[in-house]
Amino acid sequence: CRRPQPQCPFDVANNGARDVPVRNVLSVDQEYVFTVDHPAFSVGNPRATIKAKDSATCSVKFNAPAGSGEVSAKLIVACPAAPDMPPWVFYLRGKA
């Protein structure tokens, strides 16, 4: 098993959304928490329970601030039940 690696930028159109795939690599069902580090981005549901060895998606929305061009951010996916496991980082790019 390898540590999670940063994922390439996911482009999100202004006033649009993008589904980001997330996989539960653990052998038991786990709850995952989704957060973004820029206020122009938001997640549809900040928590999801993903079945063991299964995949789900996190919907990320983007609303460009007035006068902005391209905005970069990170989607951080963490598993609170496994605090020693580093979070996954997905890079986001919003285009106004």
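Structure shown above.
Residues numbered from 1 in each chain as written. Predicted model: local features only at pLDDT ≥ 70, side-chain atom pairs only at ≥ 80, totals over all residues. Heavy atoms only, no water.

Visitor: What is the right way to look at the environment of Lys74 in this model?
Guide: Counting through the fold element by element, Lys74 comes out in strand 7 (residues 70-78). Each C-alpha atom of the pair Lys74 and Phe90 lies 5.6 Å from the other, and the pair is 16 residues apart in sequence. Filtering out sequence-adjacent residues up to four positions away, Lys74 remains in contact with Thr35, Val36, Asp37, Val89, Phe90, Tyr91 and Leu92. (Helix = DSSP H or I, 4+ residues; strand = E, 2+ residues; numbered from the N terminus. Contact = heavy atoms within 4.5 Å.)

Visitor: So what exactly am I meant to see when it comes to the side chain of Asn24 here?
Guide: Within the fold, Asn24 resides in the loop between strand 2 (16-23) and strand 3 (30-36). Residue classification places Asn24 among the buried residues on the basis of a relative accessible area of 0%. At 3.3 Å, the side chain of Asn24 forms a polar contact with the backbone oxygen of Lys51. Excluding its chain neighbours within four sequence positions, the residues that come into contact with Asn24 are Asp29, Gln30, Tyr32, Ile50, Lys51, Ala52, Lys53 and Asp54. (Buried < 20%, exposed > 50% of the residue type's maximum accessible area, 1.4 Å probe, protein only. Polar contact = N/O pair within 3.5 Å; in protein donor to acceptor, adjacent residues only side chain to side chain.)

Visitor: Could you clarify how one ought to interpret the sheet that holds strand 6 (residues 55-62) in this entry?
Guide: By way of backbone hydrogen bonds, the strands of a sheet pair with one another, either parallel or antiparallel. Overall, antiparallel pairing links the 3 strands, which are arranged 2-6-4 in an open sheet. The strands lining the two open edges of the sheet, one partner per strand, are strand 2 and strand 4 (41-43). Averaged over all pairs of adjacent strands, the angle between their axes in this sheet comes to 30°, without regard to strand direction. Where strand 2 lies against strand 6, 8 bridges are found, and the strand directions are antiparallel. By the bridge assignment for strand 6, Asp19 is matched with Ser59. (Pairing = 2+ DSSP bridges. Axes fitted to C-alpha atoms, helices over the stretch in contact; angles between N-to-C directions.)

Visitor: Could you clarify how one ought to interpret the side chain of Gln30 in this entry?
Guide: Tracing the backbone shows Gln30 in strand 3. Accessibility expressed as a relative area gives 14% for Gln30, which makes it buried. Residue contacts for Gln30: discarding those within four places in its chain leaves Asn24, Ala48, Thr49, Ile50, Cys79 and Ala81.

Visitor: Please explain the packing of aromatic side chains as it appears in this structure.
Guide: Between two aromatic rings, the relevant description is the distance of the centres plus the angle of the planes. For the structure on display, the rule yields 3 aromatic pairs. With a centroid separation of 6.1 Å and 55° between ring planes, the pair formed by Phe10 and Phe90 is classed as tilted. Here Phe10 is found in strand 1 (residues 7-13), whereas its partner Phe90 is found in strand 8 (residues 88-95), with 80 residues between them in sequence. The residues Phe10 and Phe90 share a single accessibility class, namely buried. (Phe/Tyr/Trp six-rings, centres within 6.5 Å; stacked < 30°, edge-to-face > 60°.)

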